[in-house]
Every structure is written in structure tokens, then in C-alpha cells.
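# Results of the structural survey
Residue-level listing of the chains:
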2 protein chains.
Amino acid sequence: MMLLQTDSQNPNGELDRTAVDQLFRAARTHSAWLDRPVSDDQLRQLYDLLKWGPTSANSSPGRIVFLRSRAAKERLAPALAPQNVEKTLAAPVTAIVAHDLRFYDELPRLFPHVDARSWFVANEPLVETTAFRNGTLQGAYLILAARALGLDAGPMSGFDNEKVDREFFPDGRWKSNFLVNLGYGDRSGLHARNPRLAFDEAARIL
Amino acid sequence: MMLLQTDSQNPNGELDRTAVDQLFRAARTHSAWLDRPVSDDQLRQLYDLLKWGPTSANSSPGRIVFLRSRAAKERLAPALAPQNVEKTLAAPVTAIVAHDLRFYDELPRLFPHVDARSWFVANEPLVETTAFRNGTLQGAYLILAARALGLDAGPMSGFDNEKVDREFFPDGRWKSNFLVNLGYGDRSGLHARNPRLAFDEAARIL
């Protein structure tokens, strides 16, 4: 990528160490939250970054429901695994990362140069796989966009997707994928970091 | 996130505009590549960033096969959709983003404080969903880690997953998910950017 060189890049176009630490090396999954709110404007900034991440044929199936009010959180609570209730109620915002099974109706606008909508009509397995894969990519973009904006994230799969879908998406068109608590994490609440697989365990160069 | 303030952050802990542009706003999916190689060391740096991205119970099911040699690319070519052949053969590296259906055997080491392995043994639907969801998250981390390192990415779903699995993963344990071409993109090869959904089309605040 060739952009103007600035303080946040080294001569190879890499972001500086502090930026990369904030995104990857020093970032942690948080369960304890500072008493500091997240504004509507921040949630709109978050979406306005994550939306640019790539999806297959620009399909953009990801849908995000930000739960911030006490009432909205209490609709979610019965679907949460017990260990996720307290931290989720305490988080300034909880995002339901979902996907729209009719995402392809937007393709004439999102990917106008070919008839991509026709690839999906009446092909339910392709619709479901594409929505899940690309909605998940957009959920990852949300996590990293949050970190880029100085927020912390606490993603979770420990909840009952069907209960969430019945409560929030009763018409069956959107499906929940995973949850992400958002706010300013209390680093004093962190445990030691779990290890990761070494390169040679998880990757190969051919 | 509270880290030391540096040039790459503004006072709210946000990364500076140039860094955020490089990750999201100015980054593009590339199909045309400059004649500039990607080294083993860069691929190891890439893995050493993406590995830190969060996965459910630190399950880390993603596996990456980096194809760089002509011979490896030619093993991939018969599985590619016609429109993806030329750009993939031309890319310095093509990553097969895959996942390991036996990822849970590593959980005693990756998530040692509970017996997470037992959640997955003999629960094939949970194994498949967890591997696909979290391997996809790791693929998104790969795309954004590449951009953080100054590389460009060209992710693709247009290929025959079963053919790739037969050729590269004949024992059936790893499954291909999507592909990502990596290198230094030729921005003169880019078309105008496709639009994205507006906040109110894809998100809600409750």
C-alpha cells in the first residue's frame, strides 16, 4: 500500500509499534469495565470503519444491534450463559453481531456491475454460508475497528442463539452470530494472557 | 484501552487518521500486483500479529497455508473460478485460510483453566460451527494484520473448496474456508469503490 509517509508508519509502510500493539499485541478481551460511557457518535464512527472491510462480492451481510439501555440488556440476559451475565450487564454497550439472510437483495446496489443477486436466489446453502462467513468477517472488523478507536472489546459465543433470535429477530430474517461487549476495559481485571499456537503449528509456507 | 500516548494516537486513544485510513478507509481489495516479493519473515510477522486476535475460549482453529512457489500455485489453479486464476497466479503469495476440525485437542494448552476440550468431543455440529466462525475471525485478522504491515490483501471466495481440500488436506482434518492474495497492490489497477450500506440500514441502537 503506497500512501503518504507519516509518523504512524515506518519506511516499509508498516504502522508504528504502538498502533500495532493497540490493535493486536497489547489488546485484550475484557470482562471488567470502567464507568465511562460510549456515545451514539462513537457507535456510528465504529460502523463507518467496519463497513469498509472486504466481503465477498461486497455482500455486506453483517447487521449490528447495539444494546445500550438497561431495558435492551435485560431482553438479552435470559439468553446468556451464566458466566457471561454480569460482565454483559456491566458493559457500556453489547453488540449483537448478526447477518441478514436476504442480504442479496442489496447486491444490485452494492455490486452493480454483474447480476450477483441471481447467484443466491433459491440457493439456501450458499446464502447461509455466505452470510455466516462474511457476517463473521464483519464482526472481526468491528472488534479491530473498536480497538482503533480506543475502545476495548469482549467478544463472546457463550449464549443461546435461538433465544436471541426469537427475542430480537422474530421474523427470522436476521440471525445472531456472536456478541461483543464494548467500552473502556479495566486492565486491573485482566488475568495473564493465554498462549497462542506457534507459526509451525498453525501455518505452512509452500 | 489505556496505553502510553504517542504520535499515532489522539487524546481519546484513537489511532491517528493515517493509520485508520491504512486499515479501513483507504485500504482496497487488490487484483493487480507490483513485482515486489513477500518474504518468509513477513509471513511470520503476519502470523505473529493475527494469532493475538480473540477467538472463543482461545480455540484458535484457524490454519494458514501460504502458497508462494509456482508449483504450489499450480496445485491451486484448477480449483479457482476462472476470473480468479490470473490475479492469483500473479500475486506474490496466496493464503489458504483453513480451520482444523481437531482444534479442541489443543485446548488443554490454549485454555488451561477449564476442561474446554470436553465441550467439543463427539459434538460435531459445535465443532464445525466453532471452527468455521473462529477460523473466519482469524482470516479477518490476517487481512487487517497484512494492512498493518504495509501489505495489501485480495480475499476471495470464488473457488471450489472441495477441490482445494482434496489437493491440500487429503486427510480431511483441515478444511479450506477462503483465499487471500497478498503482496503490494498496484493502485493504478483499482476501479471506483463500491458503496456500503448506511448505518441505519445495517445497525440499530437499542
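A brief report on the enclosed structure follows. Source: prediction; values computed, not measured.

The next point concerns the pattern of salt bridges. The final tally for this structure, using the stated rule, is 24 salt bridges over all chains. In this structure, A:Asp200 engages B:Arg44 in a salt bridge whose closest nitrogen and oxygen atoms are separated by 3.3 Å. Here B:Arg44 lies in helix 2 (residues 40–50) and A:Asp200 lies in helix 9 (residues 199–202), a pairing that spans two chains. The exposure class assigned to A:Asp200 is exposed, which follows from its relative accessible area of 61%. Owing to a relative accessible area of 35%, B:Arg44 belongs among the partly exposed residues under this scheme. What emerges from the salt-bridge pattern is a single network uniting A:Arg63, A:Asp100 and A:Arg173.

Taken together, A:Val114, A:Trp119 and A:Leu126 make up a surface patch of nonpolar side chains, about 260 Å² in accessible area. Structurally, A:Val114 can be placed in the loop between helix 5 (107–110) and helix 6 (117–120).

B:Val164, B:Asp165 and B:Phe168 are the residues of helix 8 (residues 161–168) of chain B that are buried. The buried residues of helix 8 of chain B occupy one face: seen down the axis, they fall within an arc of 100 degrees. Exposed and oriented more than 90 degrees from the buried face of helix 8 of chain B are B:Glu162 and B:Arg166. Looking at the buried residues of helix 8 of chain B, the elements they touch are strand 5 (203–205) of chain A together with strand 1 (62–67), helix 3 (70–76), strand 2 (93–100) and strand 4 (174–183) of chain B. You can read the cap of helix 8 of chain B off the contacts: a side-chain oxygen lies 3.0 Å from the backbone nitrogen of B:Glu162, and it is on B:Asp160.

Residues and elements named next belong to chain A. Applying the stated criterion across every chain, the model contains 19 aromatic pairs over all chains. Each ring, one from Tyr104 and one from Phe120, has its centre 6.3 Å from the other, and the planes form 10 degrees; the classification is stacked. Separated by 16 residues along the polypeptide, Tyr104 in the loop between strand 2 (93–100) and helix 5 and Phe120 in helix 6 bring together distant segments of the chain. You can call Tyr104 buried: its relative accessible area is 11%. Geometrically, the ring pair formed by Phe169 and Trp174 is tilted, given 5.6 Å between the ring centres and 50 degrees between the ring planes. Of the residues examined, Phe169 reaches a relative accessible area of 4% and is grouped as buried. Given a relative accessible area of 10%, Trp174 falls into the buried group. Joined through ring pairs, the aromatic side chains of Phe103, Tyr104, Phe111, Trp119 and Phe120 make up one cluster.

The subject of this paragraph is the environment of A:Thr94. Residues and elements named next belong to chain A. By the secondary structure assignment, Thr94 is in strand 2. Along the backbone, Thr94 and Ala71 are 23 residues apart, and their C-alpha atoms lie at a distance of 12 Å. If near-sequence neighbours (up to four positions away) are discounted, Thr94 is found in contact with Val65, Phe66, Leu67, Lys73, Leu76, Thr88, Leu179, Val180 and Asn181. There is a polar contact of 2.8 Å between the side chain of Thr94 and the side chain of Asn181.

It is worth spelling out the interface of chain A and chain B at this point. Interfaces are often described in size by the accessible area the parts lose on coming together. At the interface, 93 residues of chain A touch 93 residues of chain B. Of the roughly 8,500 Å² buried between chain A and chain B on both sides combined, carbon and sulfur atoms contribute 62%. Applying the counting rule to chain A against chain B returns four salt bridges. Between A:Glu201 and B:Arg109 there is a salt bridge whose closest N-O contact spans 2.6 Å. Counting residues per element, the side of chain A that touches chain B draws most heavily on helix 7 (residues 124–148) of chain A, which supplies 12 residues. Of the residues belonging to the side of chain A that touches chain B, the class tally is 48 nonpolar, 23 polar and 22 charged. Judged from the three bridges that link them, strand 5 of chain A and strand 1 of chain B form a sheet pairing that is parallel.

The rules behind the values
- Residues numbered from 1 in each chain as written.
- Chains lettered and ligands numbered in written order.
- Predicted model: local features only at pLDDT ≥ 70, side-chain atom pairs only at ≥ 80, totals over all residues.
- Heavy atoms only, no water.
- Salt bridge = Lys/Arg side-chain N within 4 Å of Asp/Glu carboxyl O.
- Helix = DSSP H or I, 4+ residues; strand = E, 2+ residues; numbered from the N terminus.
- Buried < 20%, exposed > 50% of the residue type's maximum accessible area, 1.4 Å probe, protein only.
- Patch = residues over 30% accessible without salt bridge, like charges linked within 9 Å, V, L, I, M, F, W, Y side chains within 5 Å.
- Areas by Shrake-Rupley, 256 points an atom, 1.4 Å probe, with all protein chains shown as cover.
- Arc of directions from axis to C-beta.
- Contact = heavy atoms within 4.5 Å.
- Polar contact = N/O pair within 3.5 Å; in protein donor to acceptor, adjacent residues only side chain to side chain.
- Phe/Tyr/Trp six-rings, centres within 6.5 Å; stacked < 30°, edge-to-face > 60°.
- Buried area = accessible area lost by both parts, 1.4 Å probe.
- Nonpolar A, V, L, I, M, F, W, Y, C, P; charged D, E, K, R; others polar.
- Pairing = 2+ DSSP bridges.

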